[in-house]
Amino acid sequence: MGILNKLDNSVEQFESGNIIITSMDKLLNWSRLSSMWQMFFGLACCAIEMMATSASHYDLDRFGIIPRPSPRHVDIILISGTVTLKMATRIKRLYDEMPAPKYILSMGSCANCGGPYWEHGYHVLKGIDRIIPVDVYVPGCPPRPEALLEGLIKLQERIRNQSLAKHIA
Amino acid sequence: MAELRTEEMILNMGPQHPSTHGVLRLVLTLNGEIVEEVKPVLGYLHRCFEKHAEAMTYPQVIPYTDRMDYLNAMSNELAYVLAVEKLLGIEVPERVEYIRVIMAELQRIASHLVAIGTYGNDSGAMTPFLYCFMDREKVLELFEIVCGARMLYNYIWVGGLSHDITPEFITKTKELVKYLRPRMKMINNLLSYNKIFIERTAKIGILPPEVAINAGVSGPTLRGSGVKYDLRKSDPYSIYNKFDFDICVGTGERGVVGDCWNRYIVRAYEIEQSLRIIEQAIDSIPEGDVQSAVPKRVKPVAGESYVRTESPKGELGYYIISDGSLNPYRVKARSPSFCNISVINQISRGHMIADVVMILGSFDIVLGCIDR
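Only a predicted model underlies this, so the values are computations on that prediction, with no experimental measurement involved.

**Observations regarding the overall build of chain A**
When helices and strands are counted, chain A shows six helices and seven strands. From first element to last, N terminus to C terminus, chain A shows the α and β order α-β-β-α-β-α-β-β-α-β-α-β-α. A total of 169 residues make up chain A; the buried ones form 47% of that total. In chain A, of all internal contacts separated by at least 6 residues, the share reaching a separation of at least 24 is 72%. Split by element, the accessible area of chain A, about 8,200 Å² in all, is 55% carbon and sulfur.

Set out below in structure tokens:
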């Protein structure tokens, strides 16, 4: 059984595997991190690297990450590119439309801190964390697909350590 | 029976919409399923390239041109660098010219592969997208060999190149040319001549040549309407006049001239022409130093220059005014996507909502190029 391999030694089996006992935290976290559906949403240059990552060569599907076009379907949103002030209000709204639990990955220098546009960009939001909370930052301009994958694995680790009882920052 | 009360409906498409290729917003006025008016709303990716350019020195502007049309960074660099070199009045070594042409054509292939793949995705075919991105990955690998970057290179410098090419690059490029020909045949069979795809795109969004010319449409979008206009032939820059290749135009092989299918197929055919140029160029690269003409300080005399090039999206031009200082006084970019999108209202009227997606995809727009 796949679930038994993924959930670690806290799983107990009875009745030759028909009944398993584990903690709610472990089961919830395991299911959340194994199917992080992603918002099909690109902003700028980084969006092309995001597409390249989800295409055949790097293949995001193996992490259970599938792009969905509606914010109602998704668990994670990748902020992939320059966030202009005009777009920032829309991103805030999309974020609010997502059902909890929701996670945010800020991809690339522009989304992290304004990137090459931080100095003269009167129109660029200097970091997406000014409007929505970010879980993982991936640096790069644009980050390589390998870097994005690393960021997503870090996010999975983060989800694995969540607890219903206590909030882990 | 009393007459049915009907009224127009306003539908908002974007800025978050999977088929707007970025953050374009379209406001559609609908009569039932029929589109009455399409109004593009721009500015969601306005990064003020032109204002940035005024605060930078000439070489520092090159990375910003990369980020303008991020699918064909090499062509953007080439156009800007040619404009600066014209202002400076410097000649670059023959070797540099050859490598630049090879890079620009490789970039054209990569850009067209994305255009074909995402167009298939727009029409509901996921598989061609995966195949195209697989092949694009092979082109990006070549760029990685020469300059280390995958997408945004800063490779073409004023007066030269940042790195010389390696023997590995030459052998791998030759392998790619051999590899891509049968692949393109396969993609054509998979998508271009697929009955469902033709039904979706043929006779949709017909752009008459006179409308296209009036609106300043260029590139494959113009050639799809049967106009034989390609700056590589009509106004050759760099060393394009040395190579033998054809201008691909929409011939109405399927559908009618100027429809979505013809605009699309021009891109598929152009990949073959780019391969031909690369084949001719790769064997005749002369020896030389790629940085021998790079100036220590780029400080042109007061004046102005305009250079236009054929980018994969269309006619890309840079107009630079110099006041004799280290920074450009003004840089104006004439971006192809911005002019191409201007005809969308005219040719979408009377079509269904789903066709607007196909029409938009057939322009192959990049929002970084539209909003700049």
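**Concerning the side chain of serine 348 of chain B**
Residue and element names in this part refer to chain B. Structurally, serine 348 can be placed in helix 13 (residues 344-348). Using a relative accessible area of 0% as the deciding quantity, one classes serine 348 as buried. In this view, serine 348 contacts Val35, Val38, Val356 and Ile359; residues no more than four positions away in its chain are not counted.

**Points about the sheet that holds strand 2 (residues 25-31) of chain B**
Residues and elements named next belong to chain B. Reading across the sheet, the three strands line up as 1-2-3 and stay open at both edges, with antiparallel pairing between neighbours. Edge positions in the sheet fall to strand 1 (9-13) and strand 3 (34-41), since each has one partner strand and no second. Averaged over all pairs of adjacent strands, the angle between their axes in this sheet comes to 25 degrees, without regard to strand direction. Of the pairings in the sheet, the one linking strand 2 to strand 3 comprises seven bridges and is antiparallel in character. Its bridge partner being in strand 3, asparagine 31 is matched across the sheet by isoleucine 34. Relative to the sheet, helix 14 (residues 353-363) contacts strand 1, strand 2 and strand 3, its axis offset from that of strand 2 by approximately 145 degrees.

**Some thoughts on the nonpolar core**
Judged by nonpolar contacts, the single largest core of 149 residues is most densely connected at Ile79 of chain A together with Tyr70, Tyr155 and Tyr318 of chain B. With 14 residues, the single largest contributor to this core is helix 4 (residues 94-122) of chain B. Membership of the second largest hydrophobic core comes to 20 residues, among which are Tyr58, Phe63, Ile76 and Met107 of chain A.

**A word on the interface of chain A and chain B**
Chain A puts 33 residues into the contact, and the matching count from chain B is 33 residues. The three residues of chain A that bury the most area against chain B are Cys45, Ile48 and Tyr117 of chain A, which together make up 18% of that side's buried surface. The tally of links from chain A across to chain B stands at two salt bridges. Ionic pairing is found between arginine 144 of chain A and glutamate 144 of chain B, a salt bridge with its closest N-O pair at 3.1 Å. One can count twelve residue pairs in polar contact (both at pLDDT 80 or more) joining chain A with chain B.

**Considerations on the confidence of the model for chain A**
Should the pLDDT be low somewhere, the predicted coordinates at that spot are not to be read in detail. On average, residues of chain A carry a pLDDT of 84, and 89% of them reach 70 or more. Taken element by element, chain A is modelled with least confidence in helix 1 (residues 2-6) of chain A, mean pLDDT 57, and with most confidence in strand 7 (residues 136-138) of chain A, mean pLDDT 92.

**Considering helix 6 (residues 145-160) of chain A**
Residues and elements named next belong to chain A. Between its terminal C-alpha atoms helix 6 stretches 23 Å, which fits the 22 Å expected from 16 residues at 1.5 Å a residue. Residues Pro145, Leu148, Leu149, Gly151, Leu152, Leu155, Gln156 and Ile159 constitute the buried set of helix 6. Each buried residue of helix 6 sits inside an arc of 155 degrees when the element is viewed along its axis, so together they form one side. If you follow the buried residues of helix 6, they end up packed against helix 2 (24-34), helix 3 (45-54), strand 5 (76-80), strand 6 (103-107) and strand 7.

How each quantity is defined
Residues numbered from 1 in each chain as written. Chains lettered and ligands numbered in written order. Predicted model: local features only at pLDDT ≥ 70, side-chain atom pairs only at ≥ 80, totals over all residues. Heavy atoms only, no water. Helix = DSSP H or I, 4+ residues; strand = E, 2+ residues; numbered from the N terminus. Buried < 20%, exposed > 50% of the residue type's maximum accessible area, 1.4 Å probe, protein only. Contact = heavy atoms within 4.5 Å. Areas by Shrake-Rupley, 256 points an atom, 1.4 Å probe, with all protein chains shown as cover. Pairing = 2+ DSSP bridges. Axes fitted to C-alpha atoms, helices over the stretch in contact; angles between N-to-C directions. Core = buried A, V, L, I, M, F, W, Y, C linked by side-chain atoms within 4.5 Å. Buried area = accessible area lost by both parts, 1.4 Å probe. Salt bridge = Lys/Arg side-chain N within 4 Å of Asp/Glu carboxyl O. Polar contact = N/O pair within 3.5 Å; in protein donor to acceptor, adjacent residues only side chain to side chain. pLDDT = per-residue confidence, 0-100. Expected span 1.5 Å × (residues − 1). Arc of directions from axis to C-beta.

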